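As a plain string of letters, each chain reads:
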Protein chains: 4
Amino acid sequence: MTEIIDDLTRERYDAAGFGRPVGLGKRPGLLIIDVQYRTTGTEPRPFDEAIQEFTTSCGDVAWDAVGNIERLLKLFRGKGWPVLYPYVAPKKAFDAGALGAKVPGIMDIPDKGYEFHPAIAPLEGEILLPKRHPSAFFGTPLLSYLVQAGVDSLVVTGCSTSGCVRGSAVDAFSYNYKVAVPNDAVYDRSPLVHEVNLFDMGQKYADVLTTSELVDALEGVPAP
Amino acid sequence: MTEIIDDLTRERYDAAGFGRPVGLGKRPGLLIIDVQYRTTGTEPRPFDEAIQEFTTSCGDVAWDAVGNIERLLKLFRGKGWPVLYPYVAPKKAFDAGALGAKVPGIMDIPDKGYEFHPAIAPLEGEILLPKRHPSAFFGTPLLSYLVQAGVDSLVVTGCSTSGCVRGSAVDAFSYNYKVAVPNDAVYDRSPLVHEVNLFDMGQKYADVLTTSELVDALEGVPAP
Amino acid sequence: MTEIIDDLTRERYDAAGFGRPVGLGKRPGLLIIDVQYRTTGTEPRPFDEAIQEFTTSCGDVAWDAVGNIERLLKLFRGKGWPVLYPYVAPKKAFDAGALGAKVPGIMDIPDKGYEFHPAIAPLEGEILLPKRHPSAFFGTPLLSYLVQAGVDSLVVTGCSTSGCVRGSAVDAFSYNYKVAVPNDAVYDRSPLVHEVNLFDMGQKYADVLTTSELVDALEGVPAP
Amino acid sequence: MTEIIDDLTRERYDAAGFGRPVGLGKRPGLLIIDVQYRTTGTEPRPFDEAIQEFTTSCGDVAWDAVGNIERLLKLFRGKGWPVLYPYVAPKKAFDAGALGAKVPGIMDIPDKGYEFHPAIAPLEGEILLPKRHPSAFFGTPLLSYLVQAGVDSLVVTGCSTSGCVRGSAVDAFSYNYKVAVPNDAVYDRSPLVHEVNLFDMGQKYADVLTTSELVDALEGVPAP
């Protein structure tokens, strides 16, 4: 979306030498982050209606992304590559902390909101990671599962682009995993915020590309 | 800057109930992140000139921010509150990793670039934290120093707004510290990226306010 | 137990200057680690019988320790200080990892084994931390809860002395918390291993003392 | 040493099903921990003399271990496998923390003590990791280097068996790396403490074997 990222910004990052492609690894893992009814709603609805059901919902953009995540999920399952589901665990009172101070409504999401969206729901043996903070690595044993699985790269999908996706991508990058973010398989509540966060990730932490481009590239990686 | 954050974005975050104020703690710590010549340049210069000296330089906006960091630093030193300096350590070949792949030029900054800007240089006894990744918490003993110092809140300043400042603010929030980000004491290479990252932090992770507002509020916190 | 720690060992640690007392903080937290039927058995039984019920059981020494943990728990609840329960979560197949390789039987503990011992079972509002690795800090959000609670010191109780208690004490020490380990409120499957691990912790990481001594000292700390 | 680990202890761990062998990975890394003059002394001397030079010295047992570490180091360099040096960084006043409280003398080791033992000193390109806490993973970017190097297993050598070696082995195990500890390439200040910590590691976290056994096994792993 050239309309959102202005020329000055692009020119400056180019001049400073950011944004080189990272490429894929030999053993990718798929993170599907927070694709639960609390972020998609139980049906595709425009944003303003969607937040009536769950205040954390992103509305119909979520459903477009879910279709793309499904494509990636099918590919990963077919290749026998690891699929991991970091997700928001139902909140207990003692979880309030800084999050409850900043976004109080997030503490009161109805139980239904914590169910996985059925299109991408985990199968037996896929790895579940309840989490309480933005990054899928923070306060979870994600690293241990990645080491066990011998993963060298991560495809990060889900929600929200500016929150848990970005937090996880920054940590994955910091741990020296190769990171790919499919820009149409992540979603957020504002187009501006979504696009600028994709730009940041693409310049500094990850390869950002479409699901179709990523699927093509991943199909070329040999299965184990 | 209403020009950058559009109405749709503001309305949606308001409707979803984000962005409540967090407030200050009783025992704040000050993080001064990466305020080294490599991000400020050795003199205030426009961006396009500044990157000729160090490709990681942000140009003259850095010098405006440094003035504000000085004000905060003087206040913290006067109160006897902890001051910590997470900074970029000179790169060795084995540090390349994901960062060297994404931003190759960052591996070849001249030594002079790693010096602290003299206006905010650390005094004997202030805590130095060499780091290799965006967040000041990642791969460093920062948490141990904060526990030792009994800190309950953090003021995050320095550079870049979208990189190390944001990464550190997200982690500080995740650890349940109260976080304040003075919007004129952090800096970045693009106004768009700077503003959207401040918006994200203000909605989800931190109180974002001016240095003057923050200084006023902090002056009301009793010294130990 | 002077019989287990030999004179040579004591003399060398004394000569090298280890083992100074750390003292208590102003705001202690209580960790009750893995005090579940899987380590105590559903009834007090000698070790050889106890492992017939759960291979991870420590036998009747566990029940002696549980009595002492109860005393500490009552004190902490009375003072209004935080109580946290790191516990072993039921194992899923994907949890096997290095642990399943080293101690295969640990993957097949019956469900009953994961229940908390009723004498110390958590009350509503006390903090539950499912964990998959020895240290209560590893792959859990324990740190975030401690920061939120403003804790500056930890009393570490439970099981096993050489495993999760020690791992948690080493990490708590590394984060600069003051650590106390009541030697009769932790338990293990071998007296030798129990005593040497207490010695190691007392020399390097924690104050090791009896529950009675610790209760006396803690009673002198003002409630919040 | 059957004299130190008593029959009761062995029988109980056997009965409970601990201590199964883990085996080697395909891509091992070598950790050489704290093999600096501060733990070996500048010359091989008996313990009581050695601590006159540096209170943290382990005496002549260190020099025996260094010879075995050299054998492993030569093998790793020959195979082109990663070698990493977690080491104790010279202490600044702000590092005192819990360690300075517990072992005050550790804050005042002369500079000479921080030099690497020349027999195992790092070559250009080998990875240096200054650390401030027992585990080589704690507050350091070790994980990021291991991910970058594609390591799936670790050989842990150096000092002390009960301190930094054990702390690092527990964390490596928790991250699901396969861990091997050569029992004659690690050292400590007391035979009792050394042996019991080797026993603990062998039962729960690592394969413990002699350097000769480990060298034989590693020679069978294909170089990259």
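Rotating chain C by 180° about the axis while translating it 0.0 Å along that axis superimposes it on chain D, leaving an RMSD of 0.0 Å. The operation mapping one copy onto its partner corresponds to a two-fold rotation axis. The residues that chain C uses at the interface reappear at the interface of chain D in 100% of cases, marking a shared surface.

Right, let's get into the interface of chain B and chain A. Between chain B and chain A, the contact holds 41 residues from the first and 42 residues from the second. Residue assignment for the side of chain B that touches chain A shows that the elements contributing at least two residues are helix H1 (7–16), helix H3 (47–53), helix H5 (97–102), helix H7 (161–174) and helix H8 (191–204) of chain B. With six residues, H7 of chain B is the largest single contributor of residues to the side of chain B that touches chain A. Broken down by class, the residue content of the side of chain B that touches chain A amounts to 19 nonpolar, 14 polar and eight charged.

Residues and elements named next belong to chain D. Relative to each other, helix H4 (residues 60–79) and helix H9 (residues 211–219) sit at 5°, their axes nearing to 10 Å. With respect to each other, H4 and H9 are oriented roughly parallel. Facing Asn68, Arg71, Leu72 and Leu75 of H4, the residues of H9 in contact are Thr211, Val215 and Leu218. Residue classes in the contact of H4 with H9 are distributed as four nonpolar, two polar and one charged.

Taken residue by residue, chain A gives an average pLDDT of 96. The fraction at 70 or more is 99%. What the predictor reports for the complex is a pTM of 0.97 with an ipTM of 0.97.

Turning to helix H8 (residues 191–204) of chain C, a few remarks are in order. Counted at 1.5 Å a residue, the expected span for H8 of chain C with its 14 residues is 20 Å, and the 20 Å between its end C-alpha atoms agrees. Among the 14 residues in H8 of chain C, 13 count as buried, and that is most of the element.

Now for the interface of chain C and chain D. With 42 residues of chain C at the interface, the matching set in chain D holds 42 residues. Taken together, the elements giving at least two residues each to the side of chain C that touches chain D come down to helix H1 (7–16), helix H3 (47–53), helix H5 (97–102), helix H7 (161–174) and H8 of chain C. With six residues, H7 of chain C is the single largest residue contributor to the side of chain C that touches chain D. In terms of residue class, the side of chain C that touches chain D is made up of 20 nonpolar, 14 polar and eight charged.

Rotating chain B by 180° and moving it 0.0 Å along the rotation axis overlays it on chain A with an RMSD of 0.0 Å. The share of interface residues of chain B whose copies in chain A are also at the interface is 100%, consistent with both copies meeting through the same surface.

Calculation criteria
Residues numbered from 1 in each chain as written. Chains lettered and ligands numbered in written order. Predicted model: local features only at pLDDT ≥ 70, side-chain atom pairs only at ≥ 80, totals over all residues. Least-squares fit on C-alpha atoms with pLDDT ≥ 70 in both. Contact = placed C-beta atoms within 7 Å. Helix = DSSP H or I, 4+ residues; strand = E, 2+ residues; numbered from the N terminus. Nonpolar A, V, L, I, M, F, W, Y, C, P; charged D, E, K, R; others polar. Axes fitted to C-alpha atoms, helices over the stretch in contact; angles between N-to-C directions. Parallel < 35°, antiparallel > 145°, perpendicular 65-115°, else oblique. pLDDT = per-residue confidence, 0-100. Expected span 1.5 Å × (residues − 1). Buried ≥ 20, exposed ≤ 12 C-beta atoms within 10 Å, placed from the backbone.

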